[in-house]
4 protein chains.
Amino acid sequence: MEKMLDAYQQEFHSKYGVRTDLAVEAHEVIVEREGPPEIPGVIIDKEQTEHASICRVSIESEVGARMMGKEPGRYSTIEAPALRQHNREIHEELGGLVAKEVKWFIEQSQLGPEAVILVVGLGNWNATPDALGPKVVGELMVTRHLIQLSPPELREGLRPVAAIAPGVLGLTGIETGEIIRGIVGQVQADAVICIDALASRSVSRLGSTIQISDTGINPGSGVGNKRMAINQESLGIPVLAIGVPTVVHASTIVSDAMDVIGGDDPDQKQMAEELPQKTSFNVDPKAIMGTAPPAEPQAETPQALSREQRRQMINQVLEPYMGSLIVTPKEVDELINDVANVIAGGLNSAFHEGIDYSEIFQYLS
Amino acid sequence: MEKMLDAYQQEFHSKYGVRTDLAVEAHEVIVEREGPPEIPGVIIDKEQTEHASICRVSIESEVGARMMGKEPGRYSTIEAPALRQHNREIHEELGGLVAKEVKWFIEQSQLGPEAVILVVGLGNWNATPDALGPKVVGELMVTRHLIQLSPPELREGLRPVAAIAPGVLGLTGIETGEIIRGIVGQVQADAVICIDALASRSVSRLGSTIQISDTGINPGSGVGNKRMAINQESLGIPVLAIGVPTVVHASTIVSDAMDVIGGDDPDQKQMAEELPQKTSFNVDPKAIMGTAPPAEPQAETPQALSREQRRQMINQVLEPYMGSLIVTPKEVDELINDVANVIAGGLNSAFHEGIDYSEIFQYLS
Amino acid sequence: MEKMLDAYQQEFHSKYGVRTDLAVEAHEVIVEREGPPEIPGVIIDKEQTEHASICRVSIESEVGARMMGKEPGRYSTIEAPALRQHNREIHEELGGLVAKEVKWFIEQSQLGPEAVILVVGLGNWNATPDALGPKVVGELMVTRHLIQLSPPELREGLRPVAAIAPGVLGLTGIETGEIIRGIVGQVQADAVICIDALASRSVSRLGSTIQISDTGINPGSGVGNKRMAINQESLGIPVLAIGVPTVVHASTIVSDAMDVIGGDDPDQKQMAEELPQKTSFNVDPKAIMGTAPPAEPQAETPQALSREQRRQMINQVLEPYMGSLIVTPKEVDELINDVANVIAGGLNSAFHEGIDYSEIFQYLS
Amino acid sequence: MEKMLDAYQQEFHSKYGVRTDLAVEAHEVIVEREGPPEIPGVIIDKEQTEHASICRVSIESEVGARMMGKEPGRYSTIEAPALRQHNREIHEELGGLVAKEVKWFIEQSQLGPEAVILVVGLGNWNATPDALGPKVVGELMVTRHLIQLSPPELREGLRPVAAIAPGVLGLTGIETGEIIRGIVGQVQADAVICIDALASRSVSRLGSTIQISDTGINPGSGVGNKRMAINQESLGIPVLAIGVPTVVHASTIVSDAMDVIGGDDPDQKQMAEELPQKTSFNVDPKAIMGTAPPAEPQAETPQALSREQRRQMINQVLEPYMGSLIVTPKEVDELINDVANVIAGGLNSAFHEGIDYSEIFQYLS
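Just so it is clear, the model here is predicted, and its values are computed rather than measured.

Thoughts on the packing of helix α9 (residues 176–187) of chain B against helix α9 (residues 176–187) of chain C
For step 1, the next point in the chain: It is the contact of α9 of chain B with α9 of chain C, at a shortest axis distance of 8 Å, that shows an interaxial angle of 125°. Between α9 of chain B and α9 of chain C, the angle is such that the two are oblique. Considering the relative orientation of α9 of chain B and α9 of chain C, their crossing is right-handed. Across the interface between the two elements, Glu 178, Ile 179, Arg 181, Gly 182, Ile 183 and Gln 186 of chain B of α9 of chain B pack against Glu 178, Ile 179, Arg 181, Gly 182, Ile 183 and Gln 186 of chain C of α9 of chain C.
For step 2, the next point in the chain: Residues belonging to the contact of α9 of chain B with α9 of chain C are distributed by class as follows: four nonpolar, four polar and four charged.

Looking at the interface of chain A and chain B
For step 1, the next point in the chain: If you look at the interface, chain A gives 39 residues, while chain B gives 39 residues.
For step 2, the next point in the chain: The junction of chain A with chain B conceals about 3400 Å² of combined surface from both sides, 65% of it contributed by carbon and sulfur atoms.
For step 3, the next point in the chain: Looking at the side of chain A facing chain B, the largest losses of area belong to Ile 261, Tyr 321 and Lys 330 of chain A, adding up to 22% of the total buried there.
For step 4, the next point in the chain: There are zero salt bridges connecting chain A and chain B.
For step 5, the next point in the chain: The tally of links from chain A across to chain B stands at four residue pairs in polar contact (both at pLDDT 80 or more).
For step 6, the next point in the chain: Of all elements in the fold, only α11 (250–262), α13 (286–289), α14 (307–318), β10 (325–329) and α15 (332–351) of chain A reach the threshold of two or more residues within the side of chain A that touches chain B.

A short note on the relation of the copies chain A and chain B
For step 1, the next point in the chain: Overlaying chain A on chain B yields an RMSD of 0.1 Å, the required transformation being a rotation through 180° with an accompanying axial translation of 0.0 Å. Overall, the copies show the geometry of a two-fold rotation axis. Among all residues of chain A, the minimum C-alpha distance to the rotation axis is found for Val 327 of chain A, at 2.2 Å.

A word on helix α9 (residues 176–187) of chain A
For step 1, the next point in the chain: Helix length check: α9 of chain A (12 residues) gives 17 Å between terminal C-alpha atoms against 16 Å at 1.5 Å per residue, within 8%.
For step 2, the next point in the chain: Burial analysis of α9 of chain A places nine of its 12 residues in the buried class, which makes it a mostly covered element.

Remarks on the interface of chain D and chain C
Interface size, as often reported, equals the accessible area lost upon joining of the parts.
For step 1, the next point in the chain: Taken together, the contact pairs 39 residues of chain D with 39 residues of chain C.
For step 2, the next point in the chain: Buried area between chain D and chain C, summed over both chains or domains, comes out near 3300 Å², and the portion from carbon and sulfur atoms is 65%.
For step 3, the next point in the chain: The largest share of the area that chain D buries against chain C comes from Ile 261, Tyr 321 and Lys 330 of chain D, three residues that together contribute 22% of it.
For step 4, the next point in the chain: Applying the counting criterion to the chain D and chain C interface returns zero salt bridges.
For step 5, the next point in the chain: Counting across the chain D and chain C interface gives four residue pairs in polar contact (both at pLDDT 80 or more).
For step 6, the next point in the chain: In terms of residue count, the dominant contributor to the side of chain D that touches chain C is helix α11 (residues 250–262) of chain D (eight residues).
For step 7, the next point in the chain: Of the residues assigned to the side of chain D that touches chain C, the class counts are 24 nonpolar, seven polar and eight charged.
For step 8, the next point in the chain: Where strand β10 (residues 325–329) of chain C meets strand β10 (residues 325–329) of chain D, five bridges bridge the pair, whose relative direction is antiparallel.

The rules behind the values
Residues numbered from 1 in each chain as written. Chains lettered and ligands numbered in written order. Predicted model: local features only at pLDDT ≥ 70, side-chain atom pairs only at ≥ 80, totals over all residues. Heavy atoms only, no water. Axes fitted to C-alpha atoms, helices over the stretch in contact; angles between N-to-C directions. Helix = DSSP H or I, 4+ residues; strand = E, 2+ residues; numbered from the N terminus. Parallel < 35°, antiparallel > 145°, perpendicular 65-115°, else oblique. Left-handed = near helix turned anticlockwise from the far one by under 90°. Contact = heavy atoms within 4.5 Å. Nonpolar A, V, L, I, M, F, W, Y, C, P; charged D, E, K, R; others polar. Buried area = accessible area lost by both parts, 1.4 Å probe. Salt bridge = Lys/Arg side-chain N within 4 Å of Asp/Glu carboxyl O. Polar contact = N/O pair within 3.5 Å; in protein donor to acceptor, adjacent residues only side chain to side chain. Least-squares fit on C-alpha atoms with pLDDT ≥ 70 in both. Expected span 1.5 Å × (residues − 1). Buried < 20%, exposed > 50% of the residue type's maximum accessible area, 1.4 Å probe, protein only. Pairing = 2+ DSSP bridges.

These values are about where atoms sit, not about what they do.
Structure (structure tokens):
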């Protein structure tokens, strides 16, 4: 059956030319072209609030996973351009949406009120756009050490939460996954929640999309390096990944520019419109700020330029920095602070049911 | 004569298609195409050291100024890719080169040993790539207040230096030029030296080029807004501007990408090679991090795409952020620190002849 | 009459042994000991809210000024131990109290809706406890540059506000008063509001007292150095000073400790109780973090130890740092952020009547 | 024998009234009073350089350990008031002294050139005086991940080094010792080196003493809480602790002040002179910046005041902050940066013999 599925998947890919890390997008492509499809074991749920639209894709079968090109699991995507506004009320609403997804994860993973959750803020605090994870950790209500010392009646409604921002491989010399595995063993954590800044394929997602998935983080999936995954398989406990795109690689927008201008060729233009590649984003934290090179130019995209020509042209524009150039909004400092507040508020609210939701935002810095 | 010159200048521009803020480049274009030209009143001086090449362009006549498309004055450009290396010895050498240019300015402006120099660190300390000026100010040996209290024999070899990092218009509500003019009047400064992070037209110049010019800073020259200049005319005293490119506008590299791919058309390709536009950079500090929009797509460049088509295509790639997206190296924090050390070391050395050059770098953080 | 007043004042001082910068305290001493006194031209107004007590002392006559040992003017003191709580709702209430005092100042100074106010954040951003002023400036809604460009109908309810954090003498080489005077002249400001971190005489006031006074800042008043005052006299326009104690000099608490233990002597103990010196605080910004030495041991206090003995003993405890040691709460970073939010919220609300009060706190970071 | 030693130790304590964490001081007290003593198994080695004096105390027997009141092990203390000078050359010399002690530890622990060393920067990066450990980690040449990928001929002279700054209990909810144990297991570290900011009993040691000991960190030794030790026993591999005092508790200097004034009583004065308590410092990292209360007033000291009286008096001076007030030099930011450079330079030099010593300081920021 494995084989058959592989064949199925390949056909899917060659049919749609889709390669995306966002489950929501993989599904959209199919729907848009063929009408509501019959993908077995893939359930889509959409919700619209005042400032956000939420899309939840549950991939519950191997067949569905292969058709979607994604691991089985649940993928929630909160899209909220209003996240970019420096407005506390909107942030509280969005924090509530994050809390809802996290609570779903807690229930789904059958974590009781005394289960210990370890929150991991991935990324490099020295580089503003990569500091999202560490900043969220800094805003969390960390309680594990307090609860150990408290009488049971005071613990009511407070869950034991631990948190760490371990830094990146270039700073520690240690795979982040190894650090987490070591700590999970020591604190006997029952689940891990990772927060990470992502590199987006699209400028329009910067600071406005929150992706929450129970498949964890699979660094370099498909790229070929051997970075350790941070997921249920590697850690032995449920793992939730929360990611927000904060940068686009410069090579990505150069490549996009080439697509756009190449679009003067009518055929190619049509293809460009069909391809949702700009809306996918990469969940490898190391591909953003770490030492790994950015994904190379998307050569899977059919177009007039050969893969090699395109690479040379991108080099021509970006030399001598090439791989290390990133694109961010000028006001990225403020954006990161706001998004960190939204996520930390959502987590605090989901974790500690004994605390009033409005109170939680009172105490955020 | 005005008219004639204008005609001359226009002919020059249409002939070479050159528009650049770097005097060295304006000259290079002419030399490369026509051999050593006869530009009256323009003197070029080149120097090569182990890690840097220095080019000094003196524009001493109105005719030369118009031909070059630059204000009359002296423009020194230190090009040193080694600036990007995190190596203290190289930084000391480059600091020495900065000192040499600053000393030339001090002599040229006939500033005696007791003349007060006000150093102004332009830019926004909240945005890493724009924090160069404030960081240099933080490393300076500021002495004005000490010298006022010291007996003459102790002042030997110490010049009165004052410094300020006033912030940007969006933070203060005040034109930076107004703030400087107010302070110059109070401290009776004899000269001003401005340090600024620049937006470059070329990735290759990021963190590797130092431009030093006695024409000051002319925000938005040619763009049409009314930002106050910071130069001898506006302040009444000599003004030296030291600038280093730390960002490229995202729209610039998208535009470059379009040029490169447009080059598949042989004619266009040839044009692209002729055009040195990627090596120019913009000396408007506000165009980098401030509130002013970035320069619009370089429509002066003749090419297959109309100005309007190109603008639409750039929008397509950069929406919804468009004007506010910047491109930087990931390691921009470290780069800014290193460049600030080089410039501060150079200034300290040029200002205080009584202090041993090696000592100055001892005390830099 | 001068002479007579001086005699009167001396009698007052020798009678009560009072020396304080807080008008409220000077008055309290008198009231506590003698019942409601007959101080001509001194009016006291007290107010109590849920989380704060406010005391306003107006000194309206020369006689009152001399009796109180303070410049004529209005001194409002908001005491709110709840300021130390990291609670947004309380902060909003306290911000409202600050706004009330600032509005009083605006009315009193007859500043119309188009009068330009320059806010000055005094202090050194590199030293956490001294960074209050710069942090407030960073949170302000600065509008002067926007209003200049807006049509009148859009300006409704928005006042032109400019702001600057000029740094301290050791960083700039320029008296802060000179910088302000220069900018006031350029922007034609109609009033100045200075924010400053203060050194307190008492640990109990750290982060919990806001002093607001229309007498400006008189650095080193009574100490004998010649630092330039920042007040109506020096700037030619009304000046409001807002100060919050964030540090205590180590020499102060050593001195206090000596008083306490000296109290075993019954006579001395009584004296110590009478002396309110621990509740006064020093309004010289430079005495906190700047280059000026801290006030020397309070030798005015009568006690068993001679002035010289006491100084030697303090030296014995604090060598070799002596003058530069400060006492702060460990969590001073968070305290400064909270207080800055309260003051910035109060200022924004007082300045811009067209903006809803709750909205203002929405946009504070 | 245990019992006998205990009796011996008690006699020692009651005889000398000594309680100190610095081995060098425990020994000095004995020598000063009685001439060179016969302490079995305690070896002292002193060295003097241009800017530092180094004292190494090796406690090699149980008897010596009990007499000294310290764990058996080696304690090196580098005293260098010049550390406080912002001078790079002196810092390099002191870095060399640190390297020497670290090399001794590497040899002593029989760590081969391929043994993995994990450096742990203890402390809270949000609180300037506690940020020493994290800052050192930020300056280290971390190589473990690079060496794994390099061919053997390139690894020559480079040791595999990993590093982490885990944060403090209040931020993570996890005992720092647990985090380290988890990581040690994952990376199969062969030794751990901890860097920590310490609370000193004496102002004179702030920023000028480096204590290096192979006994690790024993939080709250003798205080009675159950914080996990970070030493060979708890981790199973050799542990080196490097500590520098950066704060004094406010309660300490208040207590000192009481001692000094109490010294007017001749008997008490004599006692005060005998007592070296001000020169000891506390090696519990949590007692500095963490959640643990500071050590209570030194009641072991015989004096006129009862323990309870003294506590009340200290409260009187420090209310309402009491336990959380710390004393630091104003310029603590710069001090921490300088000390971090010295220690990081020393570690880099000791670790990587293939790199020239002067080169190492070239690359420090």
